[in-house]
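This is what each chain is made of:
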Amino acid sequence: MSKRAERKIEHIEHALSIGQQRSNGFNDLTFVHQSLPNLSVSTIDLSTKVGELTLSSPLLINAMTGGGGEDTVIINEALANAASETNIGIAVGSQMAALKDPSERPSYEVMRRVNKKGIIFSNLGSEASVDQAMKAVEMIEADAIQIHLNVVQELVMPEGDRDFTHALTRIEEIVKHLHVPVIVKEVGFGMTKEVAIKLANVGVSAIDVGGFGGTNFSKIENKRREKILSYFNDWGITTAASLAEVSSGLHKDLSIIGTGGVQNSLEVAKSIALGASAVGIAGYFLKIFIEKGYDELVQEIKNILEDLKMIMTALGTKNIKQLQNAPIVMSGQTHHWLTERGIDTGSFSRR
């Protein structure tokens, strides 16, 4: 097994042992109850759009793994089967491993093999060239590509990148030359409105905020270091604050994906109320599959979708667009952060 493949397996093991932060900021948010919703659960429409893509629901299995040999083939096959059975979108982990070592292609290709008609996202880092992005999309016949931003993870990673110049230029070139939507995602450290505007200006179709509060890749990489960079373990912007930042500074036509420690239907609903068109869950689903098995994973996905319909009924929101405008009140650290950043939190509660 190559060193890159060994690293992929180490990432999975450390992610499962560390768990999730559960400090994503959603506890600072409270929906405004609607006593007369004038809706039936049976009439709720969960369909949504991410860029040019139409999805049956806002729930996604977000990028996790690939390139770690047979172990990651097994994981990705199960995740893709679960996505197919529940009719939700899914993303692969970074495909750079397969571009560097073609023997790792099966751990990615398995997703399209078992999920022939599903929505699948490719994934590469911001160091990727246009040619690499094209090959990644072709590898799994992807419907879109995620370009991930993981500066802090790379800095903490012992063998990680140290040069992050010209990333925006490379992203712009990928947007210009690829025939599929380009999604730019953070990997757990959050995103500001200023960065989101830069990405929107170069034409990306969607932004995945990848907020702080879920899988902590600084802690994962610190597990692999001799000299610990502990100051990065609490680094980042929470998922809730990131969503509010990005949605407050962007044109409504650009799609936002909420990720970062989301584990239940209420957090999915709150993400959408902060502006997300879709919500990704990764580490939580992986843990269920590894510890409880495939059937439990599928059941949990179904439970989240059914409970989301119940919450939307209680809020009087019959579709995702209406849920994006549901009034929600902010308090605590999220309110403090957004106020200091010049964002009117009252605009979320008075709509």
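A quick note: this is a predicted structure, and the numbers were derived from the prediction, not measured.

S.K.: Can you help me understand the overall build of the chain in this one?
M.R.: A tally of helices and strands in the chain yields 16 helices and twelve strands. For the chain, the C-alpha atoms occupy an extent of roughly 60 × 40 × 40 Å along the three principal directions. Counted over contacts in the chain with a minimum sequence separation of 6, partners at least 24 positions apart contribute 74%. Accessible surface for the chain amounts to roughly 14,900 Å². Of this, 50% is attributable to carbon and sulfur atoms. On the chain, the mean spot of the 35 positive side-chain charges and the mean spot of the 41 negative ones are 3 Å from each other.

S.K.: For this particular structure, what's the right way to read the packing of helix H11 (residues 265-273) against helix H13 (residues 294-315)?
M.R.: Packed helices, taken two at a time, are described by the angle between their axes plus the distance between the axes. Interhelical geometry of H11 versus H13 gives an angle of 55° and a closest axis separation of 8 Å. When the axis of H11 is compared with that of H13, the two are oblique. Both H11 and H13 take part in a crossing whose hand is right-handed. Residues Ser 265, Leu 266, Val 268 and Ala 269 of H11 form the contact with H13, whose participating residues are Ile 304, Asp 307, Leu 308 and Ile 311. Residue composition of the contact of H11 with H13, grouped by class: six nonpolar, one polar and one charged.

S.K.: Sorry if this is basic, but what is going on with the environment of Gly 66 here?
M.R.: Here Gly 66 is to be found in the loop between strand E4 (59-61) and helix H2 (70-86). Linking Gly 66 and Glu 109, residues 43 residues apart in sequence, is a C-alpha distance of 9.6 Å.

S.K.: How do you make sense of the sheet that holds strand E7 (residues 144-149) when you look at a structure like this?
M.R.: Strand pairs in the sheet, formed through backbone hydrogen bonds, run parallel or antiparallel to each other. The sheet built from eight strands closes into a barrel, its strands ordered E4-E5-E6-E7-E8-E9-E10-E11 with parallel pairing. Strand-to-strand twist of the sheet, defined as the mean angle between neighbouring strand axes without regard to direction, takes the value 25°.

S.K.: How should I be thinking about the pairing of strand E11 (residues 278-281) in this particular structure?
M.R.: Taken residue by residue, a regular strand's side chains alternate between the two faces of the sheet. The alternating pattern of E11 places Ala 278 and Gly 280 and Val 279 and Ile 281 on opposite faces, both of which are buried. Note that E4 and E11 share three bridges and pair parallel. When the bridges of E11 are listed, Leu 60 appears paired with Gly 280. Here strand E10 (residues 255-258) pairs with E11 via two bridges, running parallel. Residue Ile 257 lies in a different strand from E11, and its bridge partner there is Ala 278. Considered for its hand, the β-α-β crossover made up of E10, H11 and E11 is right-handed.

S.K.: What am I meant to see in the side chain of Thr 48 here?
M.R.: Structurally, Thr 48 can be placed in strand E2 (residues 48-50). For Thr 48, the side chain forms a polar contact with the main-chain oxygen of Ser 277, separated by 2.8 Å. When residues no more than four places from it in sequence are discounted, the contact partners of Thr 48 are Leu 53, Thr 54, Leu 55, Ser 57, Pro 58, Ser 277 and Ile 320.

S.K.: Can you walk me through the pattern of salt bridges in this structure?
M.R.: For side chains of opposite charge, pairing can occur when their charged atoms come near one another. Enumeration over the complete set of coordinates arrives at ten salt bridges. Where Asp 344 meets Arg 350, a salt bridge forms, and the shortest distance between an N and an O atom there is 3.3 Å. Through salt bridges that share partners, Glu 159, Glu 221 and Arg 224 make up one connected network.

S.K.: Looking at this structure, how should I read helix H8 (residues 193-201)?
M.R.: Regarding H8, the residues found buried are Lys 193, Ala 196 and Leu 199. In an axial view of H8, the angular spread of the buried residues amounts to 120°, which keeps them on one side of the axis. Exposed residues on H8 whose side chains face more than 90 degrees from its buried face are Lys 198 and Asn 201. For H8, the elements touching its buried residues are helix H7 (167-177), strand E8 (182-186), strand E9 (206-208) and helix H10 (239-249). Looking at the residues trailing H8, positive phi occurs at Gly 203, about 95°.

S.K.: Looking at this structure, how should I read the packing of H2 against helix H4 (residues 106-114)?
M.R.: With their axes 8 Å apart at the nearest point, H2 and H4 run at an angle of 20° to one another. In terms of axis orientation, H2 runs roughly parallel to H4. With respect to the hand of their crossing, H2 and H4 are arranged in right-handed fashion. Every residue of H4 that contacts H2 at Thr 72, Val 73, Asn 76, Glu 77, Ala 80, Asn 81 and Ser 84 is listed here: Pro 106, Ser 107, Val 110, Met 111, Arg 113 and Val 114. Of the residues contributing to the contact of H2 with H4, the split by class is six nonpolar, five polar and two charged.

S.K.: Looking at this model, I keep getting lost on the UniProt feature "binding site: substrate" (unreviewed entry) in the chain. Mind explaining?
M.R.: When the UniProt feature table is mapped onto this chain, "binding site: substrate" (unreviewed entry) is found at Arg 7, Lys 8 and Gln 153. When you line up the elements, Gln 153 lands in helix H6 (residues 151-156). A polar side-chain atom of Gln 153 sits 3.1 Å from a polar atom in the side chain of Asn 150.

S.K.: Can you help me understand the packing of aromatic side chains in this one?
M.R.: Both the distance between ring centres and the angle between the ring planes are used here to describe each pair of aromatic rings. Considering all chains together, one arrives at three aromatic pairs under this definition. Between the aromatic rings of Phe 232 and Trp 235, the centroid separation amounts to 5.0 Å while the plane-to-plane angle is 70°, which identifies the pairing as edge-to-face. Owing to a relative accessible area of 10%, Phe 232 belongs among the buried residues under this scheme. The partly exposed category is assigned to Trp 235, whose relative accessible area is 46%. Chaining the aromatic ring pairs together yields one cluster made of Tyr 231, Phe 232 and Trp 235.

Scoring rules and cut-offs
In this convention, every chain numbers its residues from 1, walking through the sequence in written order. Reporting of local features is limited, given that this is a predicted model, to residues whose pLDDT is at least 70; pairs of side-chain atoms are given and counted only at 80 or more, and all residues count toward the totals for whole chains, interfaces and linings. Side-chain numbers here rest on the full set of heavy atoms in the structure, without hydrogens or water. In this text, helices come from DSSP runs of H or I with a minimum length of four residues, and strands from runs of E with a minimum of two, each type numbered from the N-terminal end. Residue contacts are counted whenever heavy atoms from the two residues lie within 4.5 Å of one another. Areas reported here follow the Shrake-Rupley algorithm with a probe of radius 1.4 Å; residue values treat only the protein chains shown as occluding. When charges are counted, neither His nor the chain ends are considered; positive counts come from Lys and Arg and negative counts from Asp and Glu. One atom stands in for each charge, and that atom is NZ of Lys, CZ of Arg, CG of Asp or CD of Glu. For helices, the axis comes from a line fit to the C-alpha atoms of the stretch in contact; other axes are also lines fit to C-alpha atoms, and the angle between any two N-to-C directions lies between 0 and 180 degrees. Roughly parallel means an angle under 35 degrees; roughly antiparallel, over 145; roughly perpendicular, 65 to 115; everything else is oblique. For any pair of crossing helices, the crossing counts as left-handed if the nearer helix is rotated counterclockwise from the farther one by less than a right angle, and right-handed if it is rotated clockwise. Classification convention: Asp, Glu, Lys, Arg as charged; Ala, Val, Leu, Ile, Met, Phe, Trp, Tyr, Cys, Pro as nonpolar; all other residues, Gly among them, as polar. Only strands joined by at least two bridges in the DSSP assignment are considered to pair. Partly exposed residues are those whose accessible area sits between 20% and 50% of the maximum for their type, while under 20% is buried and over 50% is exposed, using a 1.4 Å probe and protein chains only. When the strands point away from the viewer and the path from the first strand over the helix to the second turns clockwise, the crossover is right-handed. Contacts described as polar in this section are N or O atom pairs within 3.5 Å, which, within protein, must combine one atom able to donate a hydrogen with one able to accept it, while residues neighboring in sequence count only if both atoms come from side chains. Think of a salt bridge as a Lys or Arg side-chain nitrogen and an Asp or Glu carboxyl oxygen that are within 4 Å of each other. This arc is taken over the directions from the axis of the helix to the C-beta atoms. UniProt positions are given in the numbering used here, feature names are shortened, and annotations may be inferred rather than shown by experiment. Think of it this way: a Phe, Tyr or Trp ring, Trp meaning its six-membered ring, pairs with another when their centres are within 6.5 Å, and the plane angle makes it stacked under 30 degrees, edge-to-face over 60, tilted otherwise.

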